[in-house]
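Per-entry structural report
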Amino acid sequence: MKVDLIIINAFELLTCASTGKAKKGPTAMQDVGLIRNGAVAVSAGKIAGVGQTAEILRDFESENVLDAAGKSVLPGLVECHTHVVFGGQRINEFELRIKGATYLEIMEAGGGIISTMHQTRDAGLEQLAVQSQKRLDQLLEHGVTTCEVKTGYGLSTESELKMLRTIFLLDENHPLDLIPTFLPAHAFPPEFRNREEDYVDLICEEMLPAASRLFFEEMGEEEAERHLARRAGIIFADVFCEKNAFTLEQSKKVLRAAKDLGFRLKAHTDEFTNLGCARLAIELGAVSIDHLDAISTEEIELLARSETVGVVTPTVNFNFGSTEFADARRFIDAGCAVALSTDFNPGSAPCPSLPNAMAIACRYQKLLPSEAINAATINAAFAVGLGNRVGSIETGKQADLIILDSPDHRVLAYEFGGNPIEKVFKNGRIVL
């Protein structure tokens, strides 16, 4: 069979293949589908075959053959939780935290999300896109080929929709596939001080319906075909359930309204305090719950029995100078599906490197490199609802691949501060 590309002689080829669901438990999480002297055939942007080199060369031929001798070939990384669209920066808060201010104290003083809100509201759509494209470039350089991107720094109907349109614009013009998440329930804007319930009503009655119309109705078929998320019919709604943010009852109202409108669900939960949102989100069928530093034993057991993916973000804890991390080792051992993210954002995690998140997770959360890789590929793909399309090297999936300048895949988590990624392929086309 004639194909567009064959990559041969990989010292290690990791398929990260699953059984059609996110991986759970140590045995599955430590199985990266390792093939020695591996090869992969690509046709029309998709995986046409994967196996040992002799097998692939027997079944396929191509005028474009890439020799990966001495290299490792992996699925493209999937970044399942980011806030990369925003205006301005918050470097001054970095110094405040060094001096002892906590994240919640900075929020109470008008910093944090509200600081970025003002800068995002002031930025035009094109300005937001230019700034954010540079951040996506950084993610691509570190091996990311699919990326979830949240709104949440506009906190008004006009500005949240502007952020959503920015995500769509970037998705059309950047090699990464972007998965949109609508997050107006990120913080309460100053104009709704002391009338928070009115803002919750605004989210449910105006903002979510407007975002739904924009995603599901306003785009023509030809335009929608250019967006993986639109082809898959996937847009998420999210909520930040936390002290000084949204209460459990407010979060329930937002998530139920979003679900009724066709959004799939995510939730920021248990980052600092446990308000019970993990249980709520799981019971509502959330695709993922994220952070989980303060999740309870009962909720861990509930997560393990569910199809919801638990997303850990160790870069946040590292950025805060904390030695306390979500107990990802316990989650895996309990049978939870665990994914890994940078939470790339201007305040709590200004980190564009998913390999660095993997390095931190191995050291502080006691994941093995194989577990960190599965958490950043196939499980992260299921955390954005695309486990059937990306996140592993399997026949029929998108040919999203990375090649490491190393014969050993563990270098991704073993090294930190560097970048062993030599090449990145998106839909079978080299983009880095």
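Above: the structure in question.
Just so you know, these numbers come straight off a predicted model, no measurement behind them. (Residues numbered from 1 in each chain as written. Predicted model: local features only at pLDDT ≥ 70, side-chain atom pairs only at ≥ 80, totals over all residues. Heavy atoms only, no water.)

Section: the packing of aromatic side chains
Inclusion rule: Only rings of Phe, Tyr and Trp enter the pairing, Trp through its six-membered ring, and a pair is recorded when the two centres are within 6.5 Å. The plane angle decides the type: under 30 degrees is stacked, over 60 is edge-to-face, the rest tilted. Counting from the N terminus, the helices are the DSSP runs of H or I reaching at least four residues and the strands are the DSSP runs of E reaching at least two. Throughout this description, buried means an accessible area under 20% of the type-specific maximum (1.4 Å probe, protein chains only), exposed means over 50%, and partly exposed covers the range between. Geometrically, a charge over a ring is one whose NZ (Lys) or CZ (Arg) sits within 6 Å of the ring centre while staying within 35 degrees of the ring normal.
Per the counting criterion, the structure on display carries 10 aromatic pairs. Relative to tyrosine 153, the ring of phenylalanine 86 has its centre 6.2 Å away and its plane inclined at 75°; by these criteria the two rings are edge-to-face. You can see phenylalanine 86 sitting in the loop between strand 6 (77-79) and helix 3 (91-98) and its partner tyrosine 153 sitting in the loop between strand 7 (144-150) and helix 7 (157-173), a full 67 residues away along the chain. Neither residue differs from the other here; phenylalanine 86 and tyrosine 153 are each classed as buried. Taking 4.2 Å as the distance between ring centres and 20° as the angle between the ring planes, the aromatic pair formed by phenylalanine 188 and phenylalanine 246 counts as stacked. Taken together, the residues phenylalanine 188 in the loop between strand 8 (177-185) and helix 8 (196-216) and phenylalanine 246 in the loop between strand 9 (236-241) and helix 11 (248-260) connect sequence positions 58 residues apart. Judged by its relative accessible area of 0%, phenylalanine 246 falls in the buried class. Members of the aromatic cluster, joined through ring pairs, are Phe188, Phe192, Tyr199 and Phe246. The ring of phenylalanine 192 is capped by arginine 195, whose NZ or CZ atom sits 4.3 Å from the centre of that ring.

Some thoughts on the sheet that holds strand 9
The strands making up a sheet associate through hydrogen bonds between their backbones, and the pairing can be parallel or antiparallel. Where we set the bar: Two strands qualify as a pair provided that DSSP identifies no fewer than 2 bridges between them. Axis lines are fitted through C-alpha atoms, for helices just across the contact stretch, and the angle between N-to-C directions can take any value from 0 to 180 degrees. Any two residues whose heavy atoms approach within 4.5 Å at even a single point are treated as in contact.
Sheet architecture is open: eight strands sit in the order 6-7-8-9-10-11-12-13, paired in parallel fashion. Here the strands that pair on one side only, and so sit at the sheet edges, are strand 6 and strand 13 (337-340). Neighbour-to-neighbour, the strand axes of the sheet open up by a mean angle of 25°, direction not taken into account. Here strand 9 runs beside strand 10 (residues 264-269); their pairing, made up of four bridges, is parallel. Bridge assignment links alanine 237 to a residue of strand 10, and that residue is leucine 265. Across the face of the sheet, helix 6 (residues 125-141) comes into contact with strand 6, strand 7 and strand 8 while running at roughly 140° to strand 7. Relative to strand 13, helix 17 (residues 369-376) is tilted by about 85°, and along the sheet it contacts strand 6 and strand 13.

Section: the packing of helix 16 (residues 354-364) against helix 17
What counts here: Small angles under 35 degrees read as roughly parallel and large ones over 145 as roughly antiparallel, with 65 to 115 read as roughly perpendicular and the rest as oblique. The hand of a helix crossing depends on one turn: near helix anticlockwise from the far one by less than a right angle means left-handed, and clockwise means right-handed. Each residue gets one label: Ala, Val, Leu, Ile, Met, Phe, Trp, Tyr, Cys and Pro are nonpolar, Asp, Glu, Lys and Arg are charged, and the others, such as Gly, are polar.
Where helix 16 contacts helix 17, the two axes come as close as 9 Å, and the packing angle between them is 140°. Classified by the angle their axes make, helix 16 and helix 17 are oblique. The crossing of helix 16 and helix 17 is right-handed. Contacts from Leu354, Met358 and Cys362 of helix 16 reach helix 17 at Pro369, Ala372, Ile373 and Ala376. Its residues assigned to classes, the contact of helix 16 with helix 17 shows seven nonpolar, no polar and no charged.

Concerning the environment of valine 338
Structurally, valine 338 is set in strand 13. By relative accessible area, valine 338 is classed as buried at 1%. Separated by 44 residues in the primary sequence, valine 338 and phenylalanine 382 place their C-alpha atoms 9.9 Å from one another. Apart from residues lying up to four places away in sequence, valine 338 is in contact with Lys23, Met29, Val309, Gly310, Val312, Phe331, Ile332, Ala375 and Asn379.

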